[in-house]
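Structural features, examined
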Amino acid sequence: TGEKLGRNMKASSRAYILSETSLYRLELPEFVMNKKKPPLSLQTVAGISLFKSGAPGVVIHLKDNPEGDMVFALNDGRRVAELLSTLYSIILRKQGRKIKVTVATELTYAVEGKNRTLDAEAAASDTQLTFKKVSATKATLVWPQ
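Reference entry: report on the structure contained in this document. (Residues numbered from 1 in each chain as written. Predicted model: local features only at pLDDT ≥ 70, side-chain atom pairs only at ≥ 80, totals over all residues. Heavy atoms only, no water.)

Quick notes on the nonpolar core
Nonpolar side chains in soluble globular proteins tend to be buried together. Operational definition: In this text, buried Ala, Val, Leu, Ile, Met, Phe, Trp, Tyr and Cys residues form a nonpolar core when linked through side-chain atoms within 4.5 Å. For every residue, the accessible area obtained with a 1.4 Å probe (protein chains only) is divided by the maximum for its type, and the residue is called buried under 20%, exposed over 50%, and partly exposed between those limits. Only DSSP runs of H or I reaching four residues or more are called helices, and only runs of E reaching two or more are called strands; each is numbered from the N terminus. When checking whether two residues touch, look at their non-hydrogen atoms; a contact exists if any pair is within 4.5 Å.
With 20 residues, the main nonpolar core has Val45, Ile48, Val58, Ile60, Met70, Phe72 and Leu87 as its most contacted residues. Taken together, the elements giving at least two residues each to this core come down to strand S6 (45-51), strand S7 (57-62), strand S8 (70-74) and helix H1 (79-95). For this core, the leading source of residues is H1, giving six residues. When residues no more than four places from it in sequence are discounted, the contact partners of Val58 are Ile48, Ser49, Leu50, Met70, Val71, Phe72, Val80 and Leu83. Counting 17 residues, the second-largest nonpolar core is a separate cluster that includes Leu5, Phe51, Ala73 and Trp143.

Observations regarding the environment of Asn34
Mapped onto the elements of the fold, Asn34 is located in the loop between strand S4 (32-33) and strand S5 (40-41). Judged by its relative accessible area of 23%, Asn34 is partly exposed. When the C-alpha positions of Asn34 and Leu129 are compared, they lie 22 Å apart, and in sequence the two are 95 residues distant. Filtering out sequence-adjacent residues up to four positions away, Asn34 remains in contact with Arg25 and Glu27.

Digging into the pattern of salt bridges
The cut-off we apply is this: Only one rule defines a salt bridge in this text: a Lys or Arg side-chain nitrogen within 4 Å of an Asp or Glu carboxyl oxygen.
What the rule picks out here adds up to nine salt bridges. Measuring nitrogen to oxygen at the nearest pair gives 3.7 Å for the salt bridge that ties Glu112 to Arg7. Here Glu112 is found in the loop between strand S10 (106-111) and strand S11 (114-123), whereas its partner Arg7 is found in the loop between strand S1 (2-5) and strand S2 (11-18), with 105 residues between them in sequence. Across the salt bridge formed by Glu20 and Arg93, the nearest N and O atoms sit 2.6 Å from each other. Separated by 73 residues along the polypeptide, Glu20 in the loop between S2 and strand S3 (22-27) and Arg93 in helix H1 bring together distant segments of the chain. The class of Glu20 is partly exposed, set by a relative accessible area of 36%.

Looking at H1
The line we're drawing: In this scheme, a helix's expected span is set at 1.5 Å multiplied by one less than its residue total. Along the arc lie the directions from the helix axis toward the C-beta atoms.
The first and last C-alpha atoms of H1 sit 23 Å apart over 17 residues, in line with the 24 Å expected at 1.5 Å per residue. Considered for burial, the residues of H1 that qualify are Val80, Leu83, Leu84, Leu87, Ile90 and Ile91. Mapping the buried residues of H1 onto a view down its axis gives an arc of 145 degrees, with all of them on the same face. Seen from the buried face of H1, the exposed residues on the opposite side, beyond 90 degrees, are Ala81 and Arg93. Phi turns positive, to about 65 degrees, at Gly96, one or two residues after H1.

This is how it looks when you write it as structure tokens:
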């Protein structure tokens, strides 16, 4: 489970299920799929970006997706490495291609054809994982350390 960053830079809770062919996004607390948004085909994954600091934020870069890239943070930051390795190995095994992996202090992502940036800010351990809007083109992931 985790928080996704929407195109209007608002956070909302989601659960994610990764299969051999798709990434499913479930709305919490009901664990129901959004009927307007089908599962994300792994065919569209072009790359993945992670924070150098170990913050639990992830950007899945998508090709041929008019909505843009998928930005989210996992509640359990230790699962980021598991997600990366599983996603990478599924795409390599099933599609015979590698995806680009970027590790940086500030992540770039696209929303409806426009580039935005995401940075991370560690907070007190009792802070709730969330995103906050900094400007029209920048957001910050606030995560408990």
